[in-house]
Amino acid sequence: MAWYKDKVLWVIIGTVGVLKALLLCYLYFFHPAGEQVLLFPDSLSYVYPAQALLTYGHFWETLSSAPMLMRTPGYPLFVAVVEFFSRNATWAIVITQNVLSLVLVIPVYLITRSLANLTAARLAATCCATSFLYTALANAVLAETVGTFLLAWFVYAVLQILRNPSPKKLLTAALLLAAAIYTRPSCYLLGVITVGFFCFYKPLRKPAILYFLLPLAFCLGAWHVRNYAQTGFSGFTTSTYYTLYHYQFDYIVHSRHIPPEQAQQLLEKMLPEQFDTWPPAYKNRFYKQNARTLLRQSFLYRLQHAPWWAVRILLGPNQQHWRQLIANETIAKGLVALSAFQIMLLVLLGGYGCWVIGKQNFSAGLFLLLYSLFFWATSAWFASAYARFRAPFEFVLCITAGIAAERILSLQSHRKTIH
């Protein structure tokens, strides 16, 4: 049966779609904050470049006319396109993201069905559609929903390559990953990991790998060239070392026993005079040097606390977003509790499901594990890491949890048949 003929899948999508629409109606008509409830501290850094593109034809840095380097163009372009076709960009953005969060169910369904069976695919689709994390992020002007949507299709393309490699599939995977990296540059090193996986675990002929490597390098290289031509900065984004530098406030708090606000102010005071007037390449060099110094100083502190931060990413109920979205504190607490229960169950089932996949299809299981560990491990080194950073791999947990749930149900059915 073709996937689009599965009536159960459409019932899942339709039912959850109604629930998402009701939440949007609540936010639009009844939330006292209005559209501000959809905006978070990072939102302006995406919206302003999008508006600059529509007005002047160029991506500019937030609240300036300097070329955009902090953000990459994926999500600002998405915002610009939505704003171009709508009268109210903020609400149109979250409506579009809610649609994408529903369509995200389809690659999850297809991946699970290719690895297991129809029942497992339906269960995985249900887990993904009802995700509290994805529901909350869909109602925020942030890049996670679009980035996760692209990554899910990338994972689907890679698993198709593992089954039957072809130039078309390799090219498709490269373009999807490039789009995801332009949306969420934290995915940048995932390309290296994927190439290494193709080379060392699933050996492909070298000419075949070029269908993945060359388009990916060409797409990403274009932004490197743009940055260097306009500013002299040859990197992909300045956010890497900027973030590493400013995220050190937790170590400053720990080492100097001062409040977080004072720690952030201290990091700002450490910047040289007239730092804002420096060329981007010099700014990035300063952030890089000082971030590395602070990382060396804070290594033992981070090593001690990383396990807790990793647990917070994996099991966090995303309470910050839910408490902003829901004005009633009692209801917000209830949704946070349900979210915590959901993710705990998802992780328990997902771990078992990963083992089941590994026994049946080791290459697919290994890639899903490497993919998830990449995002989990690279996010767990700072106190500011929380549930939002789980978004790129929660859909994988939905896949493995669906397979685990189907296995448990089939074993119970088999036992009943025997008895």
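A quick note: this is a predicted structure, and the numbers were derived from the prediction, not measured.

### Concerning the environment of Val-146
Mapped onto the secondary structure, Val-146 falls in helix 8 (residues 144-163). For Val-146, the contacting residues outside a window of four places in its chain are Tyr-75, Phe-78, Gln-97, Leu-100 and Thr-183.

### Focus: the pattern of salt bridges
One pass over the full model with this rule turns up eight salt bridges. One salt bridge in this structure joins Arg-122 and Asp-6, with 2.8 Å as the shortest N-O distance. Here the residue Arg-122 occupies a position in helix 6 (residues 118-129), and Asp-6 occupies one in the segment before helix 1 (7-29), the gap between them amounting to 116 residues. The exposure class of Arg-122 is partly exposed, given its relative accessible area of 24%. The network of salt bridges with common partners includes Asp-42, Arg-71, Glu-144, Arg-184 and Arg-388.

### Some points on a positive patch on the surface
A cluster of basic residues, Arg-285, Lys-288, Arg-292 and Arg-296, forms a positive patch on the protein surface. With respect to the element layout, Arg-292 can be found in helix 15 (residues 280-297). Relative accessible area serves as the criterion here: at 40%, Arg-292 is assigned to the partly exposed category.

### Regarding the packing of helix 13 (residues 249-256) against helix 14 (residues 260-269)
Look at helix 13 against helix 14: their axes get within 8 Å of each other, and the N-to-C directions meet at 115°. One way to sum up the angle between helix 13 and helix 14 is to call them roughly perpendicular. The crossing of helix 13 and helix 14 is right-handed. Contacts from Phe-249, Ile-252, Val-253 and Arg-256 in helix 13 reach Pro-260, Ala-263, Gln-264, Leu-266 and Leu-267 in helix 14. Looking at the contact of helix 13 with helix 14 residue by residue, the classes come out as seven nonpolar, one polar and one charged.

### Some words on a nonpolar patch on the surface
Where nonpolar side chains cluster on the molecular surface, the patch consists of Leu-54, Leu-77, Val-81, Phe-84 and Phe-85 and spans about 550 Å² of accessible area. With four residues, the single largest contributor to the nonpolar patch is helix 3 (residues 74-85).

### Regarding the packing of aromatic side chains
The tally for this structure, following the rule as stated, stands at 37 aromatic pairs. Between Phe-154 and Phe-367, the ring centres sit 6.4 Å apart and the planes meet at 65°, which makes this aromatic pair edge-to-face. Pair noted here: Phe-154 is in helix 8 and Phe-367 is in helix 19 (residues 362-379), with a separation of 213 residues, a long-range link. Measuring from ring centre to ring centre gives 5.3 Å for Tyr-245 and Tyr-287, while their planes differ by 55°; the resulting arrangement is tilted. Here the residue Tyr-245 occupies a position in helix 12 (residues 239-246), and Tyr-287 occupies one in helix 15, the gap between them amounting to 42 residues. By the burial criterion, Tyr-245 is buried, and Tyr-287 matches it. Ring pairs connect the aromatic residues Phe-154, Phe-197, Tyr-201, Phe-362, Phe-367, Tyr-371, Phe-374, Phe-375 and Phe-395, which therefore count as one cluster. Seen from the ring of Phe-275, Lys-283 lies directly overhead, with NZ or CZ sitting 5.8 Å from the centre. The ring of Tyr-282 is capped by Arg-285, whose NZ or CZ atom sits 5.0 Å from the centre of that ring.

### Observations regarding the confidence of the model for the chain
Of the residues in the chain, 99% reach a pLDDT of 70 or more, and the chain-wide mean stands at 93. Mean pLDDT values over the elements of the chain span from 89, in helix 20 (residues 391-418), up to 98, in helix 5 (residues 105-115).

### Let's talk about the nonpolar core
By size, the foremost hydrophobic cluster in this structure holds 112 residues, and its most contacted members are Phe-154, Phe-212, Tyr-371 and Phe-395. Ranked by the residues each element gives to this core, the list is headed by helix 8, at twelve residues. When residues no more than four places from it in sequence are discounted, the contact partners of Tyr-371 are Leu-151, Val-155, Leu-190, Pro-392, Phe-393, Phe-395 and Val-396.

### Details of unusual backbone geometry
The phi dihedral of Leu-63 falls on the positive side, at around 55°, and the residue is not glycine. If you trace the backbone, Leu-63 turns up in the loop between helix 2 (44-56) and helix 3. Using a relative accessible area of 65% as the deciding quantity, one classes Leu-63 as exposed.

Conventions we followed
- Residues numbered from 1 in each chain as written.
- Predicted model: local features only at pLDDT ≥ 70, side-chain atom pairs only at ≥ 80, totals over all residues.
- Heavy atoms only, no water.
- Helix = DSSP H or I, 4+ residues; strand = E, 2+ residues; numbered from the N terminus.
- Contact = heavy atoms within 4.5 Å.
- Salt bridge = Lys/Arg side-chain N within 4 Å of Asp/Glu carboxyl O.
- Buried < 20%, exposed > 50% of the residue type's maximum accessible area, 1.4 Å probe, protein only.
- Patch = residues over 30% accessible without salt bridge, like charges linked within 9 Å, V, L, I, M, F, W, Y side chains within 5 Å.
- Areas by Shrake-Rupley, 256 points an atom, 1.4 Å probe, with all protein chains shown as cover.
- Lys, Arg positive; Asp, Glu negative; His and termini not counted.
- Charge placed at Lys NZ, Arg CZ, Asp CG, Glu CD.
- Axes fitted to C-alpha atoms, helices over the stretch in contact; angles between N-to-C directions.
- Parallel < 35°, antiparallel > 145°, perpendicular 65-115°, else oblique.
- Left-handed = near helix turned anticlockwise from the far one by under 90°.
- Nonpolar A, V, L, I, M, F, W, Y, C, P; charged D, E, K, R; others polar.
- Phe/Tyr/Trp six-rings, centres within 6.5 Å; stacked < 30°, edge-to-face > 60°.
- Lys NZ or Arg CZ within 6 Å of the ring centre and 35° of its normal.
- pLDDT = per-residue confidence, 0-100.
- Core = buried A, V, L, I, M, F, W, Y, C linked by side-chain atoms within 4.5 Å.

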